[in-house]
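# Understanding the architecture of this molecule
In case you want the letters, here they are:
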Amino acid sequence: MDWDFFIELGLGGLTRGSIYALIAIGYTMVYGIIELINFAHGEIYMLGAFTGLIVAGVMGVYGFPVFAILLMAIVIAVLYCAAYGYTMEKVAYKPLRGAARLSPLISAIGMSLFLQNYIILAQTSDFLPFPELIPDFEFMEPIAHIFGSTDLVIVVASSVSMLALTLFIKFTKMGKAMRATAQNRKMAMLLGINADKIISTTFIIGSSLAALGGVLVSTHSGQLNFMIGFIAGVKAFTAAVLGGIGSIPGAMLGGLFLGLTESYAAGYISSDYEDVFAFSLLVIFLIFRPSGILGKAPVEKV
């Protein structure tokens, strides 16, 4: 076996899985609290990438250093997409909170289509180049052929973000309120928890993580267009289901699992079939373990 190639595929899968995990967290947090699949979440990821492109273009004209551009692109993209996520929840989902489950689902699909067409009209439907904002690190030269500087930044940023979110959910007062709301929203409201505030906070956090992923992936791939959100969103939703929809550790594990599966399938079989393997894996899990890797089977009360 060519171990260098095997390790290269593993590290590539780790990079890809880290991004899937960042986006999947948004899906699983929203579902865990209000049992809604936010199909517009991938478009928030796409908005973050376009926002980062605009910021990078403006700052590049004025000659700012690349690290300052990258940092400012991430900050502004996170703030902009957090505002979008908050507004989207208030406009498209909150009025339908008491409606039948199909209504908010259709609303989510409508928001996805709206944001895609908004970008087409406001920007373009063509692929756009994204500047390389992460320079090559000298200490990584010996392994640069299998694991580049952008890969390292993506993995580290994703790991730090997911660790910070885990600590936030576990130890802060807001995090405990979010866990209580996810467990039983009506009981949480009876105990004085503002469920509307918790739901809005969930959308803000999920949108912020998606925006971070959008900027990092765009500088890694060097291009973007209005469809990147749909593709990444479907893959991240698959990762959330694999890990156990509603479970934050499950979303992280599912993202890494899916990224590694796609990477090894593309490397050892064919890159044309990486999507086939990803969704075949989803079908297998839905048949034999529908609750996911870390999900819990629903308890039926009699």
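As shown above, the structure is provided for reference.
One structure accompanies this document, and this report is about it. (Residues numbered from 1 in each chain as written. Predicted model: local features only at pLDDT ≥ 70, side-chain atom pairs only at ≥ 80, totals over all residues. Heavy atoms only, no water.)

Running from N to C, helix H2 (residues 41-61) and helix H3 (residues 66-93) point in directions that differ by 140°, and their axes come no closer than 8 Å. On the basis of the axis angle, H2 is oblique to H3. Seen from above, H2 lies across H3 with right-handed handedness. Where H2 abuts H3, its residues Ile44, Leu47, Gly48, Thr51, Gly52, Val55, Ala56, Met59 and Gly60 lie against Ala68, Ile69, Met72, Ala73, Ile76, Ala77, Tyr80, Cys81, Tyr84, Gly85 and Met88. Per-class residue counts for the contact of H2 with H3 are 15 nonpolar, five polar and no charged. (Axes fitted to C-alpha atoms, helices over the stretch in contact; angles between N-to-C directions. Helix = DSSP H or I, 4+ residues; strand = E, 2+ residues; numbered from the N terminus. Parallel < 35°, antiparallel > 145°, perpendicular 65-115°, else oblique. Left-handed = near helix turned anticlockwise from the far one by under 90°. Contact = heavy atoms within 4.5 Å. Nonpolar A, V, L, I, M, F, W, Y, C, P; charged D, E, K, R; others polar.)

Another aspect to go through is helix H11 (residues 274-288). Compared with an ideal rise of 1.5 Å per residue, which puts 15 residues at 21 Å, H11 spans 21 Å between its outermost C-alpha atoms and is within 8% of the ideal. Listed as buried for H11 are Glu274, Ala278, Leu281, Leu282 and Phe285. In an axial view of H11, the angular spread of the buried residues amounts to 100°, which keeps them on one side of the axis. Turned more than 90 degrees from where H11 packs its buried face, Ile287 and Phe288 sit exposed. (Expected span 1.5 Å × (residues − 1). Buried < 20%, exposed > 50% of the residue type's maximum accessible area, 1.4 Å probe, protein only. Arc of directions from axis to C-beta.)

This paragraph deals with helix H1 (residues 3-34). Compared with the 46 Å implied by 1.5 Å per residue over 32 residues, the 45 Å span of H1 between its first and last C-alpha is a close match. Its axis deflected by about 25° at Ala24, H1 carries its strongest bend there. (Bend = angle between axes of the 7 residues up to and from the residue.)

Side-chain pairing between opposite charges can occur once the charged atoms of the two side chains come close. For the structure shown, the criterion picks out seven salt bridges. Between Arg97 and Glu89 there is a salt bridge, and its shortest N-O distance comes to 2.2 Å. Taking relative accessible area as the criterion, Glu89 reaches 0% and is therefore assigned buried. A salt bridge links Lys94 to Asp196, with the shortest nitrogen-to-oxygen separation between them at 3.8 Å. Separated by 102 residues along the polypeptide, Lys94 in the loop between H3 and helix H4 (102-122) and Asp196 in helix H8 (residues 195-221) bring together distant segments of the chain. A relative accessible area of 34% means that Lys94 is categorised as partly exposed. Through salt bridges with shared partners, a single network forms among Glu89, Lys90, Lys94, Arg97 and Asp196. (Salt bridge = Lys/Arg side-chain N within 4 Å of Asp/Glu carboxyl O.)

Everything listed is a geometric property; what it means functionally is a separate question.
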